[in-house]
Amino acid sequence: MSKVVRIDQPGGPEAMYLADVDVPEPAPHEVQVRHEAIGLNFIDIYQRSGLYPFPMPLALGMEGAGVVEAVGRDVHHLARGDRVAYASQPPGSYSELRNLPATSVCQLPDAIDFDTGAAMMLKGLTAQYLLRKTLPAGGLQPGDFVLFHAAAGGVGLIACQWARALGLQLIGTAGSDEKCELAKAHGAAHAINYRTEDFVARVKDITEGRGVKVVYDSVGKDTFEKSLDCLRPFGLLASFGNGSGPVPPINLAQLGAKGSLYVTRPTLFTHIATRESTQEMANELFEVVGSGQVKIPIHQRYALVDVQQAHRDLESRKTTGASVLIP
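It should be emphasised that the depicted structure is a prediction, and the values quoted were computed from it without experimental measurement.

S.K.: Which residues make up the packing of aromatic side chains, and what values do they have?
M.R.: The final tally for this structure, using the stated rule, is four aromatic pairs. With 6.1 Å between their ring centres and 40° between their planes, Phe42 and Tyr46 make a pair best called tilted. Separated by four residues within a single helix, Phe42 and Tyr46 lie in helix α1 (residues 42-49), roughly one turn from each other. Feature note: the residues Phe42, Tyr46 and Tyr52 constitute an aromatic cluster, connected by ring pairs.

S.K.: Account for the nonpolar core, naming residues and giving values.
M.R.: Of all hydrophobic cores here, the largest spans 54 residues; its most connected members are Met120, Met121 and Tyr216. Among the elements that line this core, the one with the most residues is helix α2 (residues 114-133), at 11 residues. For this core, the two domains that each supply at least three residues are domain 1 (2-123 + 269-325) and domain 2 (135-265). Ignoring any residue separated from it by four or fewer positions in sequence, one finds Met121 in contact with Glu63, Ala85, Tyr86, Ala87, Cys106, Thr126, Leu285 and Phe286.

S.K.: Just give me the short version of the domain arrangement of the protein chain, but keep the residues and values in it.
M.R.: Under the domain assignment, the protein chain is made up of domain 1 (2-123 + 269-325) and domain 2 (135-265). Centre-to-centre separation of domain 1 and domain 2, based on C-alpha positions: 27 Å. With 18 residues of domain 1 at the interface, the matching set in domain 2 holds 20 residues. Note on domain 1 versus domain 2: buried area summed over both sides is about 1500 Å², and carbon and sulfur give 63% of it. Together, Lys123, Val294 and Arg317 form the three largest contributors to the area buried by domain 1 at its contact with domain 2, with a combined 32%. Taken together, the links from domain 1 to domain 2 amount to zero salt bridges.

S.K.: An account of helix α3 (residues 154-165) is requested, with residue identities and associated values reported.
M.R.: If you check α3, its first and last C-alpha atoms are 17 Å apart, about what 12 residues at 1.5 Å a residue would give, namely 16 Å. Counting buried residues in α3 gives 10 out of 12 residues, a clear majority hidden from the surface. At the exit of α3 stands Gly167, carrying a positive phi of roughly 85°.

S.K.: Report on unusual backbone geometry, specifying residues and quantitative values.
M.R.: With an omega of -5°, the peptide bond running from Met56 to Pro57 counts as cis. Within the element layout of this structure, Pro57 appears in the loop between α1 and β4 (58-59). In this chain, Gln89 is followed by Pro90 through a cis amide linkage whose omega measures -10°. Here Pro90 is to be found in the loop between β6 (83-87) and β7 (97-101). Even without a glycine there, the phi angle at Ser260 is positive, about 55°. One can find Ser260 in the loop between α7 (253-257) and β14 (262-264). Exposure remark for Ser260: the relative accessible area of 38% places this residue in the partly exposed category.

S.K.: Lay out the state of the cysteines with the relevant residues and their values.
M.R.: Here, the word disulfide means a covalent bond between the sulfur atoms of two cysteines. A complete count under the given rule lists zero disulfides for this structure. Summary of cysteine pairing: Cys230 is not part of a disulfide, and the nearest cysteine sulfur, belonging to Cys180, is at 14 Å.

S.K.: Let's hear about the side chain of Asn99: which residues, and what values?
M.R.: With respect to the helices, strands and loops of the structure, Asn99 is situated in strand β7. At 2.9 Å, the side chain of Asn99 and the backbone oxygen of Pro24 are in polar contact. A distance of 3.1 Å separates the side chain of Asn99 from the side chain of Gln32, its partner in a polar contact. Sequence-distant contacts of Asn99, that is, excluding residues within four places in its chain, are made with Val23, Pro24, Glu25, Pro26, Glu30, Val31 and Gln32.

S.K.: Could you give me a rundown of the environment of Ile298, with the residues and numbers involved?
M.R.: Tracing the backbone through its elements, the reader meets Ile298 in strand β15 (residues 298-303). Sequence separation between Ile298 and Tyr52 is 246 residues, and the spatial gap between their C-alpha atoms is 26 Å.

S.K.: Would you mind going over the sheet that holds strand β11 (residues 190-193) in detail, with residue names and values included?
M.R.: Reading across the sheet, the six strands line up as β11-β10-β9-β12-β13-β14 and stay open at both edges, with parallel pairing between neighbours. Of all the strands in the sheet, just β11 and β14 have a single pairing partner and so form its edges. In this sheet, adjacent strand axes meet at a mean angle of 15° when their direction is disregarded. Note: strand β12 (residues 212-217) against strand β13 (residues 231-239), five bridges, orientation parallel. Of the residues in β13, the one forming a bridge with Val212 is Leu231. Helix α4 (residues 177-185) contacts β10 (169-174) and β11 of the sheet and is inclined by roughly 165° relative to β11.

Here is what the cut-offs are and how they apply
Residues numbered from 1 in each chain as written. Predicted model: local features only at pLDDT ≥ 70, side-chain atom pairs only at ≥ 80, totals over all residues. Heavy atoms only, no water. Phe/Tyr/Trp six-rings, centres within 6.5 Å; stacked < 30°, edge-to-face > 60°. Helix = DSSP H or I, 4+ residues; strand = E, 2+ residues; numbered from the N terminus. Core = buried A, V, L, I, M, F, W, Y, C linked by side-chain atoms within 4.5 Å. Buried < 20%, exposed > 50% of the residue type's maximum accessible area, 1.4 Å probe, protein only. Domains from an automatic or database assignment. Contact = heavy atoms within 4.5 Å. Buried area = accessible area lost by both parts, 1.4 Å probe. Salt bridge = Lys/Arg side-chain N within 4 Å of Asp/Glu carboxyl O. Expected span 1.5 Å × (residues − 1). Disulfide = S-S within 2.5 Å. Polar contact = N/O pair within 3.5 Å; in protein donor to acceptor, adjacent residues only side chain to side chain. Pairing = 2+ DSSP bridges. Axes fitted to C-alpha atoms, helices over the stretch in contact; angles between N-to-C directions.

This is the structure:
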């Protein structure tokens, strides 16, 4: 038996409840993991609220770390007793024990603890595909300016550090002076409080009127239009989340008028669709974390039974850095 957080229909935090479920032997392509820690992410809120629709009832959670209990007969890269971490579809990590496809499950280096493993896979792999794969025309070189919204969040604080390691000048936005200082402490070259400052004007000032090569935007509706105004000609807007709501329809003609701009809507799960790509990305993440160039800031820990409060805190933007649930 395993305790699992589920919902029967989309709703607020109160829609989540703990259920006891039987966990069968893993299917041939699956691995069974007993969680030591579970990652908390905005995508969990999107799924809980119905913004990202799923069949009901739904077990929540996309990220976790723990120990392998059993492997299916077609799984060869893992064995019982292995320390592992993952970000994976389908949801279900808000649990003590689960089966999941083995494709996205990676051995966790001994030097990385379970809390860090649970907090870093979805957010760290997201930072990896953004900074290393979602690139403007001509790529990014040391010294280039990039704009990263929600820079004091879980993905943002990893991106601040990784950008610094790559020699990039990351301009971060956040919703308070304290969060701006946190982003700068983690490697942001500049930080803008979007509640008190016009971030378009500040970006133009910082870049001496040129704009940035790329904007990484997980906020969505509230920042999308102004993000376009921060780009230099041929710049790229990578919209990878909907923290303030979904982006409204866009008139493609304005991309031409603003400088032949590019817009993309990438997702992590396209990038980790194969065992090879997942491992390649994870190896790079493990390397930068293991070297100390990127530290995973875990600022909130909640017991699994307190998952409703964890969602309230995340949704109201009270959290900074990463949060984990402990089963």
